[in-house]
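So the chains spell out like this:
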Amino acid sequence: MAKESDNFIILDFLNDSKYGSINNSLIIGDPADLKNIIHTFDRKKKIAVYHLTGNLSKTAAAIMLANGIKNEINYLEGGLLNWLATGRKIVIKKTDADF
């Protein structure tokens, strides 16, 4: 089952622990893996997708649309790198494994 926030299903395609992840995001390494889980998505929630450069976000959105997902799909244009380049911040939460 997909992890969800109150209003969004958040899909993380960073696949790199040094950047951390957004709380309640579902970490997915490959957009092709979406086909195995999209049937679990709440059809009433918006979907937010992010990736380091944004490329996989666009691919993921296309895969979801091609597989019948009608939810509103949002992705971070330019990815996390663009977000950081504009001076915005991210919060990295360390896990017990990091200590």
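Conventions we followed
- Residues numbered from 1 in each chain as written.
- Predicted model: local features only at pLDDT ≥ 70, side-chain atom pairs only at ≥ 80, totals over all residues.
- Heavy atoms only, no water.
- Helix = DSSP H or I, 4+ residues; strand = E, 2+ residues; numbered from the N terminus.
- Expected span 1.5 Å × (residues − 1).
- Buried < 20%, exposed > 50% of the residue type's maximum accessible area, 1.4 Å probe, protein only.
- Arc of directions from axis to C-beta.
- Contact = heavy atoms within 4.5 Å.
- Pairing = 2+ DSSP bridges.
- Right-handed = clockwise from strand over helix to strand, strands pointing away.
- Axes fitted to C-alpha atoms, helices over the stretch in contact; angles between N-to-C directions.

Draft legend 1. Structural context of helix H1 (residues 55–66). Look at H1: 17 Å from first C-alpha to last across twelve residues, which is about the 16 Å you get at 1.5 Å a residue. All of the buried residues along H1 are Ser57, Ala60, Ala61, Ile63 and Met64. The buried residues of H1 all sit within an arc of 165° when viewed along its axis, so they share a single face. When the buried face of H1 is taken as reference, the exposed residues oriented beyond 90 degrees from it are Asn55, Leu65 and Ala66. The secondary structure elements touched by the buried residues of H1 are strand E1 (8–12), strand E3 (46–50) and strand E4 (73–75). The first or second residue beyond H1 is glycine 68, which carries a positive phi of 90°.

Draft legend 2. Looking closely at the pairing of E3. With five bridges joining them, E1 and E3 adopt parallel strand pairing. Following the sheet pairing, isoleucine 10 is matched in E3 by alanine 48. In this sheet, E4 lies alongside E3 in parallel orientation, the contact comprising three bridges. When the bridges of E4 are listed, valine 49 appears paired with tyrosine 75. After leaving E3, the chain enters H1 and then returns to the sheet as E4, a path that is right-handed.

Draft legend 3. Inspection of the pairing of E1 at higher detail. The element E1 is largely enclosed, with a buried count of four among its five residues. As judged from the three bridges shared by E1 and strand E2 (residues 25–27), these two strands associate in the parallel manner. Each residue of the ladder has a partner; that of isoleucine 10, found in E2, is serine 25.

Draft legend 4. Structural context of the sheet that holds E2. Read across the sheet, four strands follow the order E2-E1-E3-E4 without closing on themselves; strand pairing throughout is parallel. Of all the strands in the sheet, the pair left with one neighbour each is E2 and E4. Across this sheet, the average inter-strand angle for adjacent strands is 25°, counted without regard to direction.

Draft legend 5. Examining the environment of leucine 56 more closely. With respect to the helices and strands, the residue leucine 56 is situated in helix H1. Spatially, the C-alpha atoms of leucine 56 and aspartate 12 are 9.8 Å apart, while their sequence positions differ by 44 residues. Among all residues touching leucine 56, those that are not within four sequence positions of it are Phe13, Pro31 and His51.

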